[in-house]
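# Report on the structure
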Amino acid sequence: MLDILPDIDRWHAAGMKVAVATVIRTVGSSPRPLGSRMAVSEAGGIAGSVSGGCIEGAVFEEAQSVLEDGRPKRLRYGISDEQAWAVGLTCGGEVEVLVERIGG
Amino acid sequence: MGFESLRQSLLAGERVVAFTRADAELGARLLVWPDDGRSEGTLTDPDLDRAAAALATADPLPATGLREIAGAEVFVETFEPLPQLFIVGAVHVAIHLVHFARRLGFRTVVVDARSAFATAERFPHADELVVEWPADYLSRVPLHVNTFCVFLTHDEKLDNPALGVVLEAGVRYVGALGSKRTHGKRVAALREAGLSPELIDRIHAPIGLDLGGRKPEEIALAIAAELVAVRNGSAASGR
């Protein structure tokens, strides 16, 4: 959380809406621990991460609607070993994230 | 959603437990400050809020993760203060150690009584630089459970009294630089000063994981690696 605060502060100071995705559940080996966070600004800025890179793109897309309507989402990603290999990762686990809009 | 309060508390180094509904009331949040019992927000149900507050003020604090509380699915997250590292001795190794430690998430403070070493020019990257007798300084600052102390001065007049202060305070980690012979002398002096063998035995010496390096930056890396091992409870910490 602390690592992404400077970016969030900067975005808020510029009057931008910000969404934050938090890892709330992991199954099997996952590259980022519970409570890991990724922040997304309405201008498309990204800070932090919620995986080793395999789901950030998908979470970023989902964050757009959260930024727009402010309704939080709970998302679940199964990362099959095959997919994991395809993007060069070895997660092979399952990750759930909560995406919410913060500060407005 | 309590984000601003959480942000301020984290920056102030306070302990906070955050409860976030992960079910139908998705995103509803209650923050509880275990040290004074204060709370903010709601999980939209007074019974649930009470059950959560009880969890947040128990010892030990709840582990981070999803759990069921009073029939609701809640993501519980415990925020502890940022680990702080006191480096006693504004020596060459310390310059590199500040780099590594800050990168690894330690709030890093350098303390030395010798103003020739403890200069802003040498330590522009430290969170704080203190020119004072280490024992005096460490006696008056809060040494919380997440405090790490590294002694690098090579000067027993500076090191030993301060070592006594942090050992008695029960900080998370104490390490001291020096050969086996130096450490033997240190142990004898600390015994002389009345410290118990159990406390003295908590000192990590020789300091750092054995990476085989002798250069200042390599020693700093070995120390940083040991701090991470201790923070993570790894067997590599040797304890």
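Scroll up a little and you will see the structure.
Presented here is a report on the structure given in the accompanying data block. Quick caveat, the model's predicted, so the values are computed rather than measured.

### As for the nonpolar core
Residue and element names in this part refer to chain B. Within the largest apolar cluster, 26 residues are counted, with the highest numbers of intra-cluster contacts made by Leu85, Leu97, Val150 and Leu152. If you list the elements that add at least two residues to this core, you get strand 6 (84-88), helix 3 (92-103), strand 9 (147-151) and helix 8 (216-231). A total of six residues in this core trace back to one element, the largest contributor, which is helix 3. Leu85 has contacts with Leu97, Ala101, Phe106, Arg107, Thr108, Val109, Phe148, Cys149, Val150 and Leu227, leaving out every residue within four places of it along the chain. Val130, Ala162, Val166 and Ile200 belong to the second largest nonpolar core, which has 24 residues in total.

### What about the sheet that holds strand 2 (residues 29-33) of chain B?
All names here are of chain B. Spatially, five strands are ordered 3-2-1-5-4 in an open sheet, and the strand pairing comes out antiparallel. Every other strand in the sheet has two partners, leaving strand 3 (38-41) and strand 4 (65-69) as the edge strands with one partner each. Strand-to-strand twist across the sheet, computed as the mean angle between neighbouring axes with direction ignored, equals 25°. On the sheet, helix 1 (residues 3-12) packs against strand 1 (16-21), strand 2, strand 3 and strand 5 (72-79) and is oriented at approximately 30° with respect to strand 2.

### Thoughts on the pairing of strand 3 of chain B
All names here are of chain B. Pairing of strand 2 with strand 3 involves four bridges; the strand directions are antiparallel. Note that in strand 3 the partner of Trp33 across the bridge is Arg38. Where strand 2 folds back onto strand 3 in an antiparallel hairpin, the turn is made up of four residues, including Gly37, whose phi is positive at roughly 75°.

### Remarks on the side chain of Thr78 of chain B
Residue and element names in this part refer to chain B. Here Thr78 lies in strand 5. Residue Thr78 is classed as buried on the basis of its relative accessible area, which comes to 15%. A polar contact is formed between the side chain of Thr78 and the backbone oxygen of Pro62, at a distance of 2.5 Å. Here Thr78 is in contact with Val16, Val17, Leu61, Pro62 and Thr64, once residues within four sequence places are set aside.

Conventions and cut-offs
Residues numbered from 1 in each chain as written. Chains lettered and ligands numbered in written order. Predicted model: local features only at pLDDT ≥ 70, side-chain atom pairs only at ≥ 80, totals over all residues. Heavy atoms only, no water. Core = buried A, V, L, I, M, F, W, Y, C linked by side-chain atoms within 4.5 Å. Buried < 20%, exposed > 50% of the residue type's maximum accessible area, 1.4 Å probe, protein only. Helix = DSSP H or I, 4+ residues; strand = E, 2+ residues; numbered from the N terminus. Contact = heavy atoms within 4.5 Å. Pairing = 2+ DSSP bridges. Axes fitted to C-alpha atoms, helices over the stretch in contact; angles between N-to-C directions. Polar contact = N/O pair within 3.5 Å; in protein donor to acceptor, adjacent residues only side chain to side chain.

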